[in-house]
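# Observations on the model geometry
Residues per chain are reported as follows:
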Amino acid sequence: MAPPERDQPRADEREVQGHGPIGGDMFLVLGGLFARLRFANLTARRKSVVLLSLFSFINGCLSIALMSLVALATHEPFIFPSLGPTAFLFFYTPLAPAASPRNALIGHLIGVGAGLAALLLFGLRHAGPAVAVGVNGPRVAAAALSLGLTAGLMVLLRAPHPPAGATTLIVSLGILTSTRQLTILMVAVVLLTVQAIVINRLAGLPYPLWSARRDTP
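Residues numbered from 1 in each chain as written. Predicted model: local features only at pLDDT ≥ 70, side-chain atom pairs only at ≥ 80, totals over all residues. Heavy atoms only, no water.

### What about the nonpolar core?
- Val 29, Phe 55, Phe 80, Leu 83, Phe 90 and Leu 185 are the most contacted members of the largest nonpolar core, which has 44 residues in total.
- Secondary structure elements with two or more residues in this core: helix H2 (26-36), helix H4 (49-74), helix H5 (83-92), helix H6 (101-121), helix H9 (164-172) and helix H10 (179-202).
- Sorting elements by how many residues they give to this core places H10 first, with ten residues.
- Discounting residues that sit within four places of it in the chain, Phe 80 has contacts with Leu 176, Gln 181, Ile 184, Leu 185 and Ala 188. (Core = buried A, V, L, I, M, F, W, Y, C linked by side-chain atoms within 4.5 Å. Buried < 20%, exposed > 50% of the residue type's maximum accessible area, 1.4 Å probe, protein only. Helix = DSSP H or I, 4+ residues; strand = E, 2+ residues; numbered from the N terminus. Contact = heavy atoms within 4.5 Å.)

Here it is, written out as structure tokens:
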């Protein structure tokens, strides 16, 4: 007897499982926002590379602009290099576990902790940033250790978030070292995560409030 045919996914399931012309799920976010705004003609063109590029441009500007407004209002530096790749990940592959709020927050927290631990271990907490004072043996060791710790702990805790690798280097290279600076960095990550939740939910995506759904154990 011939084996039963595998059930074919429904049209809507194929849409969610598919990828746009540049990969990822950004076209789902764009299409959802167009549908929410009742732009029927644009909804049908949600896979246009030009529209996806324009959305990336506008959303990138918006993400950093919001951080900048908070920085101006509070007179605190709420803009950090590692926020850029996190923002892109939130909207390029919003349904991937790495883009979930859980992974973003835990990943950056691991990066901060690993970077700080490496500074303390090699006595570099008050040594100044590597771009100003130069690179020596202890600094190389601190950077290597911090990145290794970040990667290992993210895997151990099942919370991979690639931009956290940039965060740990920002710390271990001495660019941000004070408790106040590191606290502000984490607050900025929280604010960016809230923005991701609002926009992705507004687009109608099943974006998690905390952890992405796991289909496999």
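Now, onward.
### Focus: the pattern of salt bridges
- Scanning all chains against the criterion turns up one salt bridge.
- One salt bridge connects Arg 180 with Glu 76, and the closest N-O pair in it is separated by 2.5 Å. A residue pair is termed long-range when its members are at least 10 positions apart, and Arg 180 in helix H10 and Glu 76 in the loop between H4 and H5 qualify at 104 residues. (Salt bridge = Lys/Arg side-chain N within 4 Å of Asp/Glu carboxyl O.)

### Observations regarding the environment of His 161
- Turning to its location among the elements, His 161 is positioned in the loop between helix H8 (137-156) and H9.
- Look at His 161 and you get buried, because its relative accessible area is 0%.
- Dropping the residues within four chain positions of it, His 161 is found in contact with Thr 86, Leu 89, Ala 98, Asn 103, Ala 104, Gly 107, His 108 and Met 154.
- For His 161, the side chain forms a polar contact with the main-chain oxygen of Ala 98, separated by 2.8 Å. (Polar contact = N/O pair within 3.5 Å; in protein donor to acceptor, adjacent residues only side chain to side chain.)

### Topic: the environment of Ala 87
- When you line up the elements, Ala 87 lands in helix H5.
- Residues within four places of Ala 87 in sequence aside, it is in contact with Ser 63 and Leu 192.

### Examining the layout of surface pockets
- Estimated volume of the second largest pocket: approximately 260 Å³.
- Lining the second largest pocket, in full, are Leu 30, Leu 33, Phe 34, Leu 37, Leu 51, Leu 54, Phe 55, Ile 58, Asn 59, Leu 62, Ile 199 and Leu 202.
- Among the secondary structure elements, those contributing two or more residues to the lining of the second largest pocket are H2, H4 and H10.
- Here the lining of the second largest pocket gets six residues from one element, more than from any other, and that element is H4. (1 Å grid on protein atoms, 1.4 Å probe; cavity = no way out; pocket = protein on both sides within 12 Å on 5 of 7 lines; lining within 4 Å. Points joined across faces, edges and corners; volume = space filled by probe spheres on them.)

### A few points about the packing of aromatic side chains
- Under the criterion given, the structure shown has two aromatic pairs.
- Ring centres 6.4 Å apart and planes at 50 degrees place the aromatic pair Phe 34 and Phe 39 in the tilted group.
- Judged by relative accessible area, which is 39%, Phe 39 ranks as partly exposed.
- Ring geometry for Phe 88 against Tyr 92: centres 5.1 Å apart, planes inclined by 20 degrees, an arrangement best described as stacked. Taken together, the residues span about one helical turn, with Phe 88 and Tyr 92 both in helix H5 at a distance of four residues.
- Phe 88 gets classed as partly exposed once you look at its relative accessible area, which sits at 45%.
- Looking at Lys 47, its charged tip hangs above the ring of Phe 27, at a distance of 4.8 Å from the centre. (Phe/Tyr/Trp six-rings, centres within 6.5 Å; stacked < 30°, edge-to-face > 60°. Lys NZ or Arg CZ within 6 Å of the ring centre and 35° of its normal.)

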